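Breakdown of the fold
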Amino acid sequence: MLIKFLLTVTSATVAFSADHGTYKNCSRVEFCNNLRSRTPSDDYLVDSGSVSASIDSNTLTATLKSNNGGSDLTLTLSGLQKNTFRVKITEVDFMRYELQDVLDGEPEGLNFDDVQIGDNSVTVTTASGSNSATVTFSPFNIEFVKDGVTEVLFNGDRLTVVNNDVTAPFSFGVTFPEGLQLFGIHEHCDSVALQNTEPGSTDPYRLKNSDVAFYELNSPMALYGAVPVIYGQGPTATAGVFLHNAAEQWIETTNNQDDGSQAYFMVEIGTLDVFVLLGPSPTEVVRQYTQLTGTAHLPQLWALGYHQSRYSYESQDDAKEVASNFDSYNFQLDVLWLDIDYTEKYKYFTWNPSTYSDPVDLQETLASTNKKLVTIIDPHIKVEVGYSVYDEALANDLFVKNANGSVYQGLCWPGYSSYMDFLNPAAREYYGSMYSYDNFPGSTPTLAGIWNDMNEPSVFDTSLENTLPADGLHFGNIRHREIHNIYGFLHTMSTHQGLLARDNGERRPFILTRSTFAGSQRYAAFWTGDNTADWPYFMPPSRNV
Ligand SMILES: *[C@@H]1O[C@H](CO)[C@@H](O)[C@H](O)[C@H]1NC(C)=O
Ligand SMILES: *[C@@H]1O[C@H](CO)[C@@H](O)[C@H](O)[C@H]1NC(C)=O
């Protein structure tokens, strides 16, 4: 959905680069600006009398005393299966939102088989002693060792945890002593090997899902997806950390051949909940990550074929002509895609009565030559009394709200739109049910897949970086800033559940999504958004590492 975007939104500033006026750099984001310039200092030490850990349990707890007037913290360190540990750090006197739905089930614990509590440290081991975590009390830090090799250091001097009425940012740092090169923290338009963002030659890598048309090459700017896992790779060992948190975050990266590579996470809000993945091979470390967040199902055979998707086929006659031309000229075509013009006034789950008056005929025509159809369905719902999806979602309280509790409305393709609150299980259930053959009249099994677009979510409001207001309210009075990066994930979760139900659980859903988070692989494939058909977008230049 590129062309219309340009015409309606950025017509004054069309240029082949992202708009730095709209999308902020670190110095314009208060928590990033503050945390980036913080000098490492030992603000916390472990209260040795508070340490609790025993064999036949998988959890160590301890209190971290603040020596700068901040809240005391609770450290929880758990042993997990598959050479993984989990570290949570939260205030003793402040509640933080804990992310739901992202993990592919509750991770399986692994009990400690040895616990050694000393004067200035405690060491717990798992897997018959091949994995260990040593918490040093003063100065506070945690060392993770696998088979005698220190693979990850949690740097206590980079830990900050603060909260105020509006927000509650935190930071932490990790070192991969054996990691010569960092990888991960997708999605950025950059080389696979991450660059050095320290000491400030460029911004840190940003994770804040954004609708960024014409994004820049070789840039740490945020794109449509966020996967907060980073790997430190080296010849001796490859390890990783996965931050289970869907708020906006920035990551300072330093590749270092001598002392190991470092990553410094600066996070707007939510819980410091980190999984430490001890590899030690690149394959094992990725398996450890997918054990937590899941794997993709096999693609449908037809989904591996030739797909034709252009903005846009204005009518069913256009669409049929394109398909029949493929046949006439003997080009293989397996799937035809429809962008938003098939709908009536961009109301999803409808067809335009004048230009797509007979969608069943279109699908029968495609099916007669063994082709499938995919249609776009976005998360914004046109504000229009009489449009049943709008009326029902409003009546059942399924939309995102403003901070004052009224239903939020923002501009998108249909004009004023409200946004499904996918954090609400009832909204996921309702929206998913709209995919049924009854609720989406004119759909048949030939409509074999769904394209979920605009789900960062995108709102045409440059003053808000083109997304929902950070203080908007979701189900359970959760602020949008707490869950921003999983909005698209939850959208596809709802679509997946709806398509499974539509076909009585007998077909694997095919979903293409623009916005992603860790775990999105369980529900959808993704594409790279609105770039240009130019070589560097296929293959960003490699860096010397
Ligand atoms: C951040 O963006 C603002 C506005 O575009 C610009 O004036 C400033 O120079 C930028 N700062 C850095 C460090 O790039
Ligand atoms: C609630 O907030 C929205 C967005 O700021 C505003 O447009 C609306 O007028 C407010 N409603 C009330 C009742 O204050």
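Structure: above.
Note that the coordinates shown come from a computational prediction; the quantities given were computed from them, not determined experimentally.

What to know about the packing of aromatic side chains
Considering all chains together, one arrives at 27 aromatic pairs under this definition. Pairing Tyr215 with Tyr224 gives two aromatic rings, centres 6.1 Å apart and planes at 75°, and the pair type is edge-to-face. For the pair formed by Tyr215 and Tyr224, the shared burial category is buried. Here a set of aromatic residues connected by ring pairs shows up, and it is made of Tyr342, Phe349, Trp351, Phe422, Tyr431, Tyr435, Phe440 and Tyr487. The ring of Tyr264 has Arg158 lying over it, and the distance from NZ or CZ to the ring centre is 3.8 Å.

Section: the side chain of Asn83
Tracing the sequence through the fold places Asn83 in the loop between strand 3 (73–80) and strand 4 (84–91). Here Asn131 takes part through its side chain, which lies 2.9 Å from a polar atom of the side chain of Asn83. Not counting chain neighbours up to four residues away, the residues in contact with Asn83 comprise Asn131, Lys146, Val276, Leu277, Leu278, Gly279 and Gln288.

Here we look at the pattern of salt bridges
By the definition in use, this model includes 25 salt bridges. Note that Lys146 and Asp147 form a salt bridge whose closest N and O atoms lie 3.5 Å from each other. Of the charged contacts, one joins Arg481 and Glu268 as a salt bridge, the two residues approaching to 2.9 Å between their closest N and O atoms. Placement of Arg481 in helix 8 (residues 480–483) and of Glu268 in the loop between strand 17 (261–267) and strand 18 (272–277) is noted, with a sequence separation of 213 residues between them. With relative accessibility at 13%, the residue Arg481 sits in the buried group.

A few points about the environment of Met493
Mapped onto the elements of the fold, Met493 is located in helix 9 (residues 487–502). The class of Met493 is buried, set by a relative accessible area of 13%. Distance in space between the C-alpha atoms of Met493 and Ser520 is 8.1 Å, their sequence separation being 27 residues. Among residues more than four places away in sequence, those in contact with Met493 are Asp101, Arg428 and Tyr523.

Comments concerning the sheet that holds strand 24 (residues 415–419)
If you trace the three strands from one edge of the open sheet to the other, you get 22-24-23, paired in antiparallel fashion. This sheet does not close on itself; its edge strands, each paired only once, are strand 22 (380–382) and strand 23 (410–412). Averaged over all neighbouring strand pairs, the angle between strand axes comes to 60°, with direction disregarded. Pairing analysis gives three bridges linking strand 22 to strand 24, with the strands arranged antiparallel. Directly across from Lys382, in strand 24, lies its bridge partner Ser417.

Calculation criteria
Residues numbered from 1 in each chain as written. Chains lettered and ligands numbered in written order. Predicted model: local features only at pLDDT ≥ 70, side-chain atom pairs only at ≥ 80, totals over all residues. Heavy atoms only, no water. Phe/Tyr/Trp six-rings, centres within 6.5 Å; stacked < 30°, edge-to-face > 60°. Buried < 20%, exposed > 50% of the residue type's maximum accessible area, 1.4 Å probe, protein only. Lys NZ or Arg CZ within 6 Å of the ring centre and 35° of its normal. Helix = DSSP H or I, 4+ residues; strand = E, 2+ residues; numbered from the N terminus. Polar contact = N/O pair within 3.5 Å; in protein donor to acceptor, adjacent residues only side chain to side chain. Contact = heavy atoms within 4.5 Å. Salt bridge = Lys/Arg side-chain N within 4 Å of Asp/Glu carboxyl O. Pairing = 2+ DSSP bridges. Axes fitted to C-alpha atoms, helices over the stretch in contact; angles between N-to-C directions.

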